[in-house]
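Now for the letters of each chain:
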Amino acid sequence: MTLASGPRQKPRHVRETDYARLEQHLRDLSMRYRQQCAEVSPGNAKYMALAKLYAGAQRLHQAVKEGAVAEAIVEIGSNLIGCEQMAVIVASGKRKNVDFIGSVGLNRKQLKAVRMSAREIIEEATGSVYIANDGGKPDPLLQSLGITAFVPFWLDYTTKGAIAFFDLLPQRNGLDSTDRELLTLLRAYAGPCLSTSKQNRRRRLNECHHEAAYDR
Amino acid sequence: MEKKILLVDDSSTTLLMEEMLFREHTNYELLLARNGEEAIRTAIAEEPSLILMDVIMPKMDGFAACREMRRHPALRRVPIIMVTSRGESRNVEEGFESGCNDYVTKPINGAELIEIVNGYLTDNGQRE
């Protein structure tokens, strides 16, 4: 959306209800503008989808440390999908412990709710991406937490962690086909990237131990 | 001479996306910065034709950087477009008060962004 001039301030003589109606009108115009942009340029949507997938894949594969992988996942969620609230959780120690390795926008209450249900979420998860209100079977647990989309880290036929997407940005009108592709990309690559980052950490630790032993 | 655009964002994913978009669809020379401070330094040194800047960044956010740029004589008239997560009037107003000319919301819509940027940089679409 663009505005030719600004800032917008409610003039004193305009009633609150009228101002709210005007704001709604502006939002509708913005929505129509976006739709028309997509219609005018049919190649745009396809190009944007490919560009997002490329950027997402490259970002994930550039990340070497666990923290960097989590950061990449959160960046993909917030900047490419437009998710306002999300959490990245991983299981460790034969899935007995669950750690948050990244989150954005969640309030304390939501974080607590996810933390309390995290183990259950991971244990119940299958290898497929879950999208709420997608016509599939609703998941009562994910639904109760207000999760919009859920991407498991599926490795060796077990769920090693997950990304939980909560609210999208207000200008997002649900998940589109490009978002679904991005979620599939995350499902395919986020788990292996995290696993590789852990292996790298172990390898570095081993190298340090060897060096220390050699120095002695 | 090719016009220069300064892209400012702390997210390398967004910078990569914007770079791909502009390289594919335009001939502008691209300059990159990862935070507000770096953006100001680059803008003063390179004097870009347009600045596309994220709002939430470490060290110095987009609004503060925009205000600082407007104090510099060479950057007073350079169009600044803010990239914001939320297009709510409160955020938009703060953006305009800081001196930006326009804004786009995340996630970026390629056609919309190119159209806005071209609108500012083409001769017949030059906006003040």
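Residues numbered from 1 in each chain as written. Chains lettered and ligands numbered in written order. Predicted model: local features only at pLDDT ≥ 70, side-chain atom pairs only at ≥ 80, totals over all residues. Heavy atoms only, no water.

Here the focus is the confidence of the model for chain A. Residue and element names in this part refer to chain A. Residue-level pLDDT values for chain A average 83, and 89% of them are 70 or greater. Least confident of the elements in chain A is helix 1 (residues 16–40), whose mean pLDDT is 75; most confident is helix 3 (residues 66–81), at 93. The low-confidence segment residues 1–7, where pLDDT is below 50, has 20 contacts with residues more than four positions distant or belonging to other chains. (pLDDT = per-residue confidence, 0-100. Helix = DSSP H or I, 4+ residues; strand = E, 2+ residues; numbered from the N terminus. Contact = heavy atoms within 4.5 Å.)

This part takes up the packing of helix 3 of chain A against helix 1 (residues 12–25) of chain B. Put simply, helix 3 of chain A and helix 1 of chain B touch, their axes get as near as 9 Å, and they point 45 degrees apart. As judged from the angle between their axes, helix 3 of chain A and helix 1 of chain B are oblique. Contact residues: helix 3 of chain A offers Glu75, Asn79 and Leu80 of chain A, while helix 1 of chain B offers Ser12, Thr13, Thr14 and Met17 of chain B. Its residues assigned to classes, the contact of helix 3 of chain A with helix 1 of chain B comprises two nonpolar, four polar and one charged. (Axes fitted to C-alpha atoms, helices over the stretch in contact; angles between N-to-C directions. Parallel < 35°, antiparallel > 145°, perpendicular 65-115°, else oblique. Nonpolar A, V, L, I, M, F, W, Y, C, P; charged D, E, K, R; others polar.)

Once that is clear, we can look at the packing of aromatic side chains. All names here are of chain B. Following the criterion strictly, the structure yields one aromatic pair over all chains and no others. Plain terms: the ring middles of Phe96 and Tyr103 are 6.4 Å apart, the flat faces sit at 80 degrees to each other, and that makes the pair edge-to-face. Phe96 sits in the buried class, given a relative accessible area of 10%. (Phe/Tyr/Trp six-rings, centres within 6.5 Å; stacked < 30°, edge-to-face > 60°. Buried < 20%, exposed > 50% of the residue type's maximum accessible area, 1.4 Å probe, protein only.)

As a further point, take the sheet that holds strand 5 (residues 158–165) of chain A. As a general point, the strands of a sheet are linked pairwise by backbone hydrogen bonds and lie either parallel or antiparallel. Residues and elements named next belong to chain A. Taken in spatial order, the five strands of this open sheet run 2-1-5-4-3, and their pairing is antiparallel. Across the chains shown, the open sheet's two edge strands, defined by having one partner strand only, are strand 2 (97–104) and strand 3 (130–131). In this sheet, strand 5 lies alongside strand 1 (residues 86–92) in antiparallel orientation, the contact comprising five bridges. Note on strand 5: the bridge partner recorded for Val88 is Ile163. This element, helix 4 (residues 108–124), spans strand 1, strand 2, strand 4 (149–155) and strand 5 of the sheet and lies at about 130 degrees to strand 2. Across the sheet, helix 6 (residues 177–215) touches strand 1, strand 2, strand 3, strand 4 and strand 5, and the angle it forms with strand 4 is around 40 degrees. (Pairing = 2+ DSSP bridges.)

All names here are of chain B. Confidence along chain B averages 89 in pLDDT terms, with 92% of residues attaining 70 or more. In the predicted structure, residues 124–128 sits below a pLDDT of 50 and forms 11 contacts with residues beyond four places in sequence or in another chain. Scored as a whole, the predicted complex attains pTM 0.79, and scored at its interfaces, ipTM 0.83.

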